[in-house]
Amino acid sequence: MLIQHSLQQLRTLRLEGMARAFEEQLTQPAITALSFEERLAHLIDRECLLRDGKRIDRLLKAARIKAAAACLEDVDYRAGRGLERSQIAALGTGQWIRHHQNCLITGPTGSGKTWLACALANAACRQGLAAYYVRLPRLFEELRIAHADGSFSRRLMQLARMDLIVIDDWGLAAPSAQERSDLLELLDDRVGTRSTVITSQLPIEHWHTYLGDPTFADAILDRVVHAAHKLALKGESMRRKEKA
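It should be emphasised that the depicted structure is a prediction, and the values quoted were computed from it without experimental measurement.

Visitor: With reference to specific residues and values, describe the overall build of the protein.
Guide: In terms of regular secondary structure, the protein is built from 12 helices and five strands. A compact globule built from 244 residues should have a C-alpha radius of gyration of about 18 Å, whereas the protein, at 23 Å, is more than 25% larger. Reported as C-alpha extents along the three principal axes, the dimensions of the protein are approximately 75 × 50 × 30 Å. Counting across all 244 residues of the protein, residues that qualify as buried make up 40%. Expressed as a percentage of contacts within the protein between residues at least 6 apart in sequence, the contacts between residues at least 24 apart total 78%. Split by element, the accessible area of the protein, about 13,700 Å² in all, is 55% carbon and sulfur. One finds the centroid of the 34 positive side-chain charges in the protein at a distance of 4 Å from the centroid of its 30 negative side-chain charges.

And the structure:
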């Protein structure tokens, strides 16, 4: 009776991890060999693990990662791709995000830019960091709608709080004056405080021309390229290789 009451109290207090661990202890006679402190430590560890797992699940869901299964452990380092194990391993630690640096991934269509960016976002979430994936055309549309319904400032604040934003498909179509302005606002909120990943078919040296207005281009690139890790993917399309 006392045991059931204790289990019910743990669940009432939303200590599901401790409740499950306590139930397991009741089915393991050998657990009596442990001290009270050791059994309590086990209960606390299980609660922490459960909560960490739930938080990671929430972060992954909120990130809306396009390639949800992408992970750095599965990176293809075949010759000619332009990837170095040491650089990917360093990015995998997440220290660059904690130091508020950026990552710029360029390469031809099908070279794996989006997949790699998603793997970085996945790693960030699993380290307890908030990430968000979005294609640049969709981001522009999202901000256009935010202007129209009066939520632009609030949306910028939400994006500014993200530890990592992945902006995919940079450079597909020249931005309008309003889009350049919105992009500068977004990046200005993040410079020196948060990290951004950008993927593009365009080499970085062509980004200034793509952005159009020289003044805005200078301001935007100053906030993006400074303190950025650069990955220039090479080789033929990974999609064609997968089909072969």
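Visitor: Quick rundown of the nonpolar core? Include the residues and the values.
Guide: The tendency in soluble globular proteins is for nonpolar side chains to be buried as a group. Counting residues in each nonpolar core, the largest one holds 30 residues, and the members touching the most others are Ile 105, Leu 116 and Val 197. Those elements that place two or more of their residues in this core are helix H3 (36-63), helix H4 (85-92), helix H5 (95-98), strand S1 (102-106), helix H6 (113-126), strand S2 (131-135) and strand S3 (164-170). Discounting residues that sit within four places of it in the chain, Ile 105 has contacts with Lys 113, Leu 116, Ala 117, Leu 120, Val 197, Ile 198, Thr 199, Ser 200, Leu 231 and Leu 233. Grouped together as the second largest cluster of nonpolar side chains are 29 residues, Tyr 132, Leu 143, Ile 165 and Ala 228 included.

Visitor: Lay out the sheet that holds S2 in plain terms, naming residues and giving numbers.
Guide: Think of a sheet as strands paired side by side through backbone hydrogen bonds, with each pair either parallel or antiparallel. Here five strands make up an open sheet; going across it, the order is S2-S3-S4-S1-S5 and the pairing parallel. Whereas interior strands pair on both sides, the edge strands pair on one side only; in this sheet they are S2 and strand S5 (228-232). Adjacent strand axes in the sheet meet at a mean angle of 15°, parallel and antiparallel pairs treated alike. Sheet topology places S1 next to strand S4 (residues 195-200); four bridges connect them, and they run parallel. Paired with Ile 105 across the two strands is Thr 199, which belongs to S4. Contacting S2 and S3, helix H7 (residues 136-149) runs over the sheet at an angle of about 100° to S2.

Visitor: Any details on the pattern of salt bridges? Residues and values, ideally.
Guide: Inspection of every chain in the model, using the stated rule, returns five salt bridges. Here Asp 76 and Arg 78 are joined by a salt bridge, their closest N and O atoms 2.5 Å apart. Exposure remark for Arg 78: the relative accessible area of 38% places this residue in the partly exposed category. Taking the shortest distance from any N to any O, the salt bridge between Arg 144 and Glu 141 comes out at 2.7 Å. In this pair, Arg 144 and Glu 141 are both assigned in helix H7, three residues apart and thus about one turn of the helix distant.

Visitor: Explain the packing of aromatic side chains to me, using residue names and the numbers behind them.
Guide: Tallied over the full model, the rule gives two aromatic pairs. On the numbers, 5.1 Å between centres and 40° between planes, the contact of Trp 170 with Trp 207 is tilted. Taken as a pair, Trp 170 in strand S3 and Trp 207 in helix H10 (residues 207-211) lie far apart in primary sequence, 37 residues in all. Neither Trp 170 nor Trp 207 differs from the other in exposure class; each is buried. Plain terms: the ring middles of Trp 170 and Tyr 210 are 6.0 Å apart, the flat faces sit at 55° to each other, and that makes the pair tilted. Pair noted here: Trp 170 is in strand S3 and Tyr 210 is in helix H10, with a separation of 40 residues, a long-range link. The same class applies to Trp 170 as to Tyr 210, namely buried. Through a chain of ring-to-ring contacts, three or more aromatic side chains come together here, namely Trp 170, Trp 207 and Tyr 210.

Visitor: Just give me the short version of the packing of H7 against helix H8 (residues 152-160), but keep the residues and values in it.
Guide: Packing of H7 against H8 brings their axes to within 7 Å, and their N-to-C directions diverge by 140°. With respect to H8, the element H7 is oriented oblique. For the pair H7 and H8, the contacting residues are Leu 139, Glu 142, Leu 143, Ala 146 and His 147 in the first and Phe 152, Arg 155 and Leu 159 in the second. Partitioned by chemical class, the residues of the contact of H7 with H8 number five nonpolar, one polar and two charged.

The rules we used
- Every chain is numbered on its own, with residues counted from 1 as its sequence reads.
- Totals for whole chains, interfaces and linings use all residues, but because this is a predicted model, local features are given only for residues with pLDDT of at least 70 and pairs of side-chain atoms are given and counted only at 80 or more.
- Side-chain numbers come from the whole structure's heavy atoms, not from hydrogens or water.
- Helix and strand labels come from DSSP, where a helix needs a run of H or I of at least four residues and a strand needs a run of E of at least two; each type is numbered from the N terminus.
- A radius of gyration in this sense is built from C-alpha atoms; the matching globule rule multiplies 2.2 Å by the number of residues raised to 0.38.
- To sort residues, take the accessible area from a 1.4 Å probe on protein chains only and compare it with the maximum for the residue type: under 20% means buried, over 50% means exposed, and anything in between is partly exposed.
- In this analysis, two residues are considered to be in contact whenever any of their non-hydrogen atoms come within 4.5 Å of each other.
- All accessibility values rest on the Shrake-Rupley procedure with a 1.4 Å probe; residue burial counts only the protein chains present in the view.
- The sign given to each residue is positive for Lys and Arg and negative for Asp and Glu; His and the chain ends receive no count.
- Taken as the charge location is NZ of Lys, CZ of Arg, CG of Asp or CD of Glu.
- By nonpolar core we mean a set of buried residues, namely Ala, Val, Leu, Ile, Met, Phe, Trp, Tyr and Cys, connected to one another through side-chain atoms within 4.5 Å.
- When DSSP finds two or more bridges between a pair of strands, those strands are recorded as paired.
- Here an axis means a line fitted to C-alpha atoms, over the contact stretch when the element is a helix, while the angle between two N-to-C directions is reported on a 0 to 180 degree scale.
- Whenever a carboxyl oxygen of Asp or Glu lies within 4 Å of a side-chain nitrogen of Lys or Arg, that contact is scored as a salt bridge.
- Stacked, tilted and edge-to-face are the three classes assigned to paired rings of Phe, Tyr and Trp, where Trp is represented by its six-membered ring and a pair needs centres within 6.5 Å; plane angles under 30 degrees give stacked, over 60 edge-to-face, the rest tilted.
- Note on terminology: angles under 35 degrees are roughly parallel, angles over 145 are roughly antiparallel, angles of 65 to 115 are roughly perpendicular, and the others are oblique.
- Basically, the charged four are Asp, Glu, Lys and Arg, the nonpolar ten are Ala, Val, Leu, Ile, Met, Phe, Trp, Tyr, Cys and Pro, and anything else, Gly included, counts as polar.

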